[in-house]
Amino acid sequence: MSSSTTNPSHGQSAGAGLGNKIKGAFQTAQGLGDSIRGNAMDFVDSATGTGGRHTETDIGRQKTEQGINRVETGSAGTTTGTSTTQPTTTSTAAPPLPPRST
């Protein structure tokens, strides 16, 4: 009997494609969530004058694009050559308060 890793059957390749499409749907949802979170943090920071741009916005966009590509093609390939995901850092400490005007 031949090894299934060198010559996958039709059922195995179809199952892998379906699995990648399901993973792509979850990756798309996660990317949308990251984008919403990043945009919300950007909005709050701009409204309070404390902010800069949050990396979650860009990471969310990348994850969404990759997830959509995975759903459409059924493979785990990336849509762009520059799909580097930078780790996000979370701090439990509150940000410093702006100086009070007297």
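Residues numbered from 1 in each chain as written. Predicted model: local features only at pLDDT ≥ 70, side-chain atom pairs only at ≥ 80, totals over all residues. Heavy atoms only, no water.

### What to know about a nonpolar patch on the surface
At step 1: Together, Leu18, Ile22 and Phe26 give the surface a local cluster of nonpolar side chains, amounting to about 340 Å² of exposed area.
At step 2: Note that isoleucine 22 resides in helix α1 (residues 10-48).
At step 3: Residue isoleucine 22 is classed as partly exposed on the basis of its relative accessible area, which comes to 44%. (Patch = residues over 30% accessible without salt bridge, like charges linked within 9 Å, V, L, I, M, F, W, Y side chains within 5 Å. Areas by Shrake-Rupley, 256 points an atom, 1.4 Å probe, with all protein chains shown as cover. Salt bridge = Lys/Arg side-chain N within 4 Å of Asp/Glu carboxyl O. Helix = DSSP H or I, 4+ residues; strand = E, 2+ residues; numbered from the N terminus. Buried < 20%, exposed > 50% of the residue type's maximum accessible area, 1.4 Å probe, protein only.)

### Looking at the pattern of salt bridges
Once their charged atoms are close, side chains differing in charge can pair, the charge on each being opposite to the other.
At step 1: Inspection of every chain in the model, using the stated rule, returns four salt bridges.
At step 2: Linking arginine 37 and aspartate 34 is a salt bridge whose minimum nitrogen-to-oxygen distance equals 3.4 Å. Of the two residues, arginine 37 and aspartate 34 are both situated in helix α1; the distance of three residues between them amounts to about one turn of the helix.
At step 3: The exposure class assigned to arginine 37 is partly exposed, which follows from its relative accessible area of 38%.
At step 4: One salt bridge in this structure joins glutamate 65 and arginine 61, with 3.3 Å as the shortest N-O distance.

### Let's talk about the environment of glycine 52
At step 1: By the element assignment, glycine 52 lies in the loop between α1 and α2 (55-73).
At step 2: As for glycine 52 and aspartate 42, which are separated by ten residues in sequence, their C-alpha atoms are 6.9 Å apart.
At step 3: Those residues in contact with glycine 52, other than ones at most four positions away along the chain, are Asp42 and Asp45. (Contact = heavy atoms within 4.5 Å.)

### Digging into the confidence of the model for the protein chain
At step 1: Chain-level statistics for the protein chain give a pLDDT mean of 75 and a share of 70% at 70 or above.
At step 2: Scored below 50 in pLDDT, residues 78-84 makes eleven contacts in the model with residues more than four places away or belonging to other chains. (pLDDT = per-residue confidence, 0-100.)

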